[in-house]
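# Descriptive analysis of the structure
Chain by chain, the residues run as shown.
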Amino acid sequence: MKNSNFLKNLINKFNNYNHPNYLNKLIELDANISKLKPAAVLIPLSFDSKSQLSFTFTRRSQNLRYFKGECCFIGGYVDKEDKCALNTAMREAFEEVGMNKHCLNILCHFKPIFTSHGSIVTPIVALLDQTKFTQNLNHQEVDLIFKVPTNVFFMHYFNWQHEDEKCLITGITSTLAILIASIIHSQLPKFQFAPDINLELNKLDNYLDHLNLVNGKQFINDFAKKN
């Protein structure tokens with residue numbers, strides 16, 4: 001990895017956002033949350049060919065039943081064999097693109113976020129050592145892996161061009177990318193990102209609390225009605 005001082009600073013920043021037991025705390029507050037489908041995503045950070053710190057995204061295969069063709073972070077639902085969100089993220093990373101624990105340095109367990117699909121997702125932020133990563137795409141699940149510089153997410157431009165492919169990044173994927181880019185660069189987006197909350201640079205993950213408070217009960221109620 002490049003620029004050791006920058007990386008040390010990055011590690012220190014993410015220490016403030018590490019909440020490995022946060023989901024359990026949410027379930028203690030509301031047992032209905034345990035009825036949602038737990039999931040995890042891996043958010044790998046690495047330097048691209050221009051030495052820009054970048055996110056690694058994938059595009060879901062057209063072979064999949066759900067969310068086909070969507071651009072997202074690596075991840076999926078928790079399996080019964082998984083002991084925790086980190087296990088899920090690591091398993092999915094290896095299954096989807098061949099990324100294993102030897103090329104990753106975990107920075108933090110970001111606060112979980114509810115989705116409108118009846119799941120609650122724990123984001124795992126990590127540093128990816130490209131020199132130790134041998135890409136091996138599982139084309140049944142993923143048809144593309146690509147990098148996007150983190151500073152792109154300050155410009156409200158999520159339609160990324162990767163070689164000849166157009167990659168639209170939306171939903172909770174873009175929300176997480178904006179928040180994490182803001183932490184990395186110590187600045188807020190240049191566009192109106194959270195009009196209904198006073199977003200503070202040193203408390204960016206509070207926005208996830210806000211989203212969960214606003215949307216969580218509705219998602220839980222909707223899920224309960226269907227099940």
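One can find the structure itself at the top, above this paragraph.
Everything in this summary refers to the structure shown in the same document.

Parameters and conventions
Residues numbered from 1 in each chain as written. Predicted model: local features only at pLDDT ≥ 70, side-chain atom pairs only at ≥ 80, totals over all residues. Heavy atoms only, no water. Helix = DSSP H or I, 4+ residues; strand = E, 2+ residues; numbered from the N terminus. Buried < 20%, exposed > 50% of the residue type's maximum accessible area, 1.4 Å probe, protein only. Contact = heavy atoms within 4.5 Å. Areas by Shrake-Rupley, 256 points an atom, 1.4 Å probe, with all protein chains shown as cover. Phe/Tyr/Trp six-rings, centres within 6.5 Å; stacked < 30°, edge-to-face > 60°. Lys NZ or Arg CZ within 6 Å of the ring centre and 35° of its normal. Expected span 1.5 Å × (residues − 1). Arc of directions from axis to C-beta. Salt bridge = Lys/Arg side-chain N within 4 Å of Asp/Glu carboxyl O. Core = buried A, V, L, I, M, F, W, Y, C linked by side-chain atoms within 4.5 Å. Pairing = 2+ DSSP bridges. Polar contact = N/O pair within 3.5 Å; in protein donor to acceptor, adjacent residues only side chain to side chain.

Before going further, it helps to spend a moment on the overall build of the protein. Scanning the protein from terminus to terminus reveals five helices and 10 strands. Evaluated residue by residue, the protein yields a buried proportion of 51% over its 227 residues. Looking at the protein alone, contacts between residues at least 24 apart form 65% of all its contacts between residues at least 6 apart. About 12,100 Å² of surface is accessible on the protein, with carbon and sulfur atoms providing 48% of the total.

Turning next to unusual backbone geometry. The phi dihedral of Ser51 is positive, around 60 degrees, even though this residue is not glycine. Relative to the helices and strands, Ser51 resides in the loop between strand 1 (37-47) and strand 2 (53-60). Within the chain, Ser186 stands out as a residue other than glycine whose phi angle is a positive 55 degrees. Looking at the element boundaries, Ser186 is found in the loop between helix 4 (171-185) and helix 5 (206-226).

Below, the discussion takes up the packing of aromatic side chains. Under the defined criterion, the tally for this structure stands at seven aromatic pairs. Summarising the aromatic geometry, the rings of Phe57 and Phe73 are spaced 4.7 Å apart at their centres and angled 25 degrees between planes, so their arrangement reads as stacked. Of the two residues, Phe57 sits in strand 2 while Phe73 sits in the loop between strand 3 (71-72) and strand 4 (74-77), which places them 16 residues apart along the sequence. Each member of the pair, Phe57 as well as Phe73, carries the same accessibility label: buried. Following the ring pairs from residue to residue traces out a cluster consisting of Phe55, Phe57, Phe73, Phe146 and Phe153. Positioned over the ring face of Tyr77 is Lys37, at 5.4 Å from the centre of the ring.

A few words on helix 1 (residues 4-15). Across its 12 residues, helix 1 extends 17 Å between first and last C-alpha, which sits within 8% of the 16 Å expected from 1.5 Å per residue. Those residues of helix 1 that sit buried are Leu7, Leu10, Lys13 and Phe14. What you see down the axis of helix 1 is that its buried residues fit within an arc of 115 degrees, all on one side. Facing away from the buried surface of helix 1 by more than 90 degrees, the exposed residues are Asn5 and Lys8. Against the buried residues of helix 1 lie strand 1, strand 2, strand 5 (104-109), strand 7 (119-128) and helix 4.

Tallied over the entire structure, the rule returns five salt bridges. Put simply, Arg59 and Asp143 hold a salt bridge, and the shortest N to O gap is 2.8 Å. On the criterion of sequence distance, the pair formed by Arg59 in strand 2 and Asp143 in strand 8 (residues 142-149) is long-range, its members being 84 residues apart. By relative accessible area, which is 27% here, Asp143 ends up partly exposed. Across the pair Glu95 and Arg91 runs a salt bridge, and its minimum N-O distance is 3.4 Å. Here Glu95 and its partner Arg91 are both found in helix 3 (residues 85-97), four residues apart, which amounts to about one turn of the helix. Looking at Glu95, the relative accessible area reads 33%, which means it is partly exposed. One salt-bridge network, in which partners are shared between bridges, spans Asp79, Asp82, Arg91, Glu92 and Glu95.

Below, the discussion takes up the nonpolar core. With 45 residues, the main nonpolar core has Leu10, Phe14, Leu45, Phe55, Phe57, Phe110 and Phe153 as its most contacted residues. Counting residues per element, the ones that place at least two in this core are helix 1, strand 1, strand 2, strand 5, strand 7, strand 8, helix 4 and helix 5. Per-element accounting of this core gives the leading share, eight residues, to helix 4. Setting aside its immediate chain neighbours within four residues, Phe14 contacts Leu45, Leu107, Cys108, Val125, Ile180, Ile183 and Ile184. Within the second largest apolar cluster, 18 residues are counted, among which are Ala85, Ala93, Met99 and Leu137.

Attention shifts here to the pairing of strand 9 (residues 159-162). Sheet topology places strand 9 next to strand 10 (residues 165-168); four bridges connect them, and they run antiparallel. In the sheet register, His162 faces strand 10, and the bridge partner there is Glu165. Hairpin connection of strand 9 to strand 10: two residues between the antiparallel strands, including Glu163 at a positive phi of 55 degrees.

Take Asp82: it is sitting in the loop between strand 4 and helix 3. Within the structure, Asp82 has its side chain in polar contact with the backbone nitrogen of Asp79 (distance 2.8 Å). For Asp82, the side chain forms a polar contact with the side chain of Arg91, separated by 2.8 Å. Ignoring any residue separated from it by four or fewer positions in sequence, one finds Asp82 in contact with Tyr77, Asn87, Thr88 and Arg91.

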